[in-house]
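Results of the structural survey
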Amino acid sequence: MTDRKEFRDLAPPEDARDAIASLDLAPDPEEVPLRDARGRILAERIDADLDVPGFDRASMDGYAVRARDTFGADEADPARLSLAGAVHAGEEPDVEVGEGEAVEISTGAVMPPGGDAVVMVERTEEDGDDVLVRTAVAPGDHVMLAGADVAAGERALGPGTRLTPREVGLLSALGVESVPVVGKPTVGIVSTGDELVRPGERLNSAAGQIYDVNSYTVATAVEEAGGDPRLYPHAGDDYDEMERVLREAADECDLVLSSGSTSASAVDVIYRVVEERGELLLHGVAVKPGKPMLVGRLDNSAYVGLPGYPVSALTIFRTFVAPAIRDAAGLPEPATATVEARMAAEERFDEGRMRLMPVGLVEDGEGDLLAYAVDKGSGATTSLVEADGVAEVAPDTAYVAEGEAVAVELFSPDVRPPSVLGVGEDDPVLARLLDELDRPRYLAVGSRQGLRRLRDGVADFAVTTADGGERPARGSLSAEELGSYEREWGLVVASGNPEEVEGLADLVDRDLRFVNRGTDSGLRTNLGNALADLADDRGVSRRDLVEAIDGFELSAKAHESPARKVAGGQADAGLGLRATAEKLGLGFVPVGVETVRVLANPDRTDKEGVRALESVLSDVGRFTSRPGFSP
């Protein structure tokens, strides 16, 4: 039996930050063309080599004059000056301003010799070869002197300046063609694990293969933090191949990030590569999610091993690694994006580790923010988009009470709560209804869980089937129905129904492979009720029938999941909807019709998102016009 590498004593989060801070990620400065400089950080001071502007110029259209020739001029007694010529922008003056003379001038044009002020055209009038000036001006009026913007030798921009369009404009005015900037740390990204397949390649689910989520997720996060991500070929769990890929990345990058192969498993060999080619500084951090984390040095590069589960990998990266990349790139900490919210429901903890709790946000009826835990397990990629931020919970915290204030660090300053939050039954009509709304969020947790979360005050609305559970009540609080529609349910079978399934009795009496829905699904409840009726007819117990069905306890998540098992030849029948069977080109054996109800939290019926949903439901007929549905 192969020895397993067990976690060392879990390090506190502070030690993990210190270990990463001790790594040298800073790249050498580089010179980039001004056109490519936006967003980069200046590596050194830039002084002006010339005056900006480099000449005295008119700041408006009018006439260049000697100021003393206008003294005493006004509307009633204008000064009469001889028109000596004109000067336009972009040309060298070929005329001078003599005593008692004026020269027509355009905005931005070079002031002609002899002129020391400009009279705006609105205060003048041409009279033959003369100009009548109806106001007095002082020397320097409406003239930008050479060097008034930036003087030669002056400090224009200092090191650490982030180059935005404003700074690029100034550098352009100085004639700068390229600028020295802080280099972007190059970050090599290596995903490990024999089960991973890059998107675009053929996936063999039967062999336990899954798409590689982390490579692209982490690469995007690296870029957002100011680094230059470089994806390397996928490395399996073979030691030699992993060593080759990691060493190649270490030779070419300032930091190497791997994901997976960091937990205590017989195939997790990556820690041996690090120990043999460099130095392992840390293995395991007392934080959840993200305990299996490695920090070390690999050849001449820094190394951090992220957990394999996408939520854990991104959380650990954002908490520990992103600040180090930003620092190496010379970028400041991002704008504070922390909001105060109250917990919508109690959340309990049973481990002595700091918890980085992903939470979603929703506004209550008063517009105040509520936070609810989004915990579908570290392997659930949907948690990446269902959560709005992270609430840090201290290791000695046993629970966070309902209504307790929490600080939520948003994933981005641009995060906004959904316009409406729904929970409950997975349904194809509902999916089309939600497409009509602005920024909705829906969690398909089944009728039973949906009703519970509506009762607990987490959601704005719940979608449930008529037999999926009792309507929720919380003290005197009762749900308000926004609308309803019907759908036909039954058994989804292969196209043409080759097994000649006629109804539920066939599942009991014949050797058929069946796929059920989850226990929180309203369809599952309806199936149980139908089996109870069949048991009464036969004079046996419901348990007897359930035990006779091959696969009754085999549950699938979504409304299409059982049907897809049938389509893939993994089952003879699955619990589902007629609409699903028709969509997938499968057969359907009807069993019953159920009512789908949309119930709202009565304290939130005035929310704009809830009102919009109610409006869409009032025209639900156009969404249920396909077979299998009826309003």
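Provided above is the structure to which this section pertains.
The rules behind each value
- Residues numbered from 1 in each chain as written.
- Predicted model: local features only at pLDDT ≥ 70, side-chain atom pairs only at ≥ 80, totals over all residues.
- Heavy atoms only, no water.
- Salt bridge = Lys/Arg side-chain N within 4 Å of Asp/Glu carboxyl O.
- Core = buried A, V, L, I, M, F, W, Y, C linked by side-chain atoms within 4.5 Å.
- Buried < 20%, exposed > 50% of the residue type's maximum accessible area, 1.4 Å probe, protein only.
- Helix = DSSP H or I, 4+ residues; strand = E, 2+ residues; numbered from the N terminus.
- Contact = heavy atoms within 4.5 Å.
- Axes fitted to C-alpha atoms, helices over the stretch in contact; angles between N-to-C directions.
- Parallel < 35°, antiparallel > 145°, perpendicular 65-115°, else oblique.
- Left-handed = near helix turned anticlockwise from the far one by under 90°.

1. Notes on the pattern of salt bridges
Summed over all chains, the structure comprises 34 salt bridges. One connected set of salt bridges, linked through shared partners, spans E425, D427, R487 and E594.

2. Some remarks on the nonpolar core
Among the nonpolar cores identified, the biggest contains 35 residues, and L255, L257, V304, F317, F320 and V321 are the most heavily contacted of them. Put simply, the parts of the chain that give this core at least two residues each are α1 (13–21), β13 (186–191), α3 (214–224), β17 (255–259), β21 (301–306), α6 (310–328) and β24 (354–363). No other element matches the nine residues that α6 contributes to this core. Look past the residues within four positions of F320 in its chain and what remains in contact with it is P13, A16, R17, I20, V285, V287 and M293. Formed by 23 residues, the second largest nonpolar core is a distinct cluster that contains A530, V546, I549 and L575.

3. A few points about the packing of α1 against α6
Put simply, α1 and α6 touch, their axes get as near as 10 Å, and they point 25° apart. As the angle between them shows, α1 and α6 are arranged roughly parallel. The crossing of α1 and α6 is right-handed. Counting all contacts with α1, which are made through P13, A16, R17 and I20, the residues of α6 involved are T319, F320, V321 and A324.

4. Details of unusual backbone geometry
A cis amide bond, omega -5°, links V52 with the succeeding residue P53. Assignment of secondary structure puts P53 in the loop between β2 (46–47) and β3 (57–58). Positioned with a positive phi, H142 is a non-glycine residue whose angle comes to about 60°. Secondary-structure assignment places H142 in the loop between β9 (130–133) and β10 (143–144). The class of H142 is partly exposed, set by a relative accessible area of 27%. The phi dihedral of R439 falls on the positive side, at around 55°, and the residue is not glycine. Mapped onto the secondary structure, R439 falls in the loop between α8 (428–434) and β30 (440–443).

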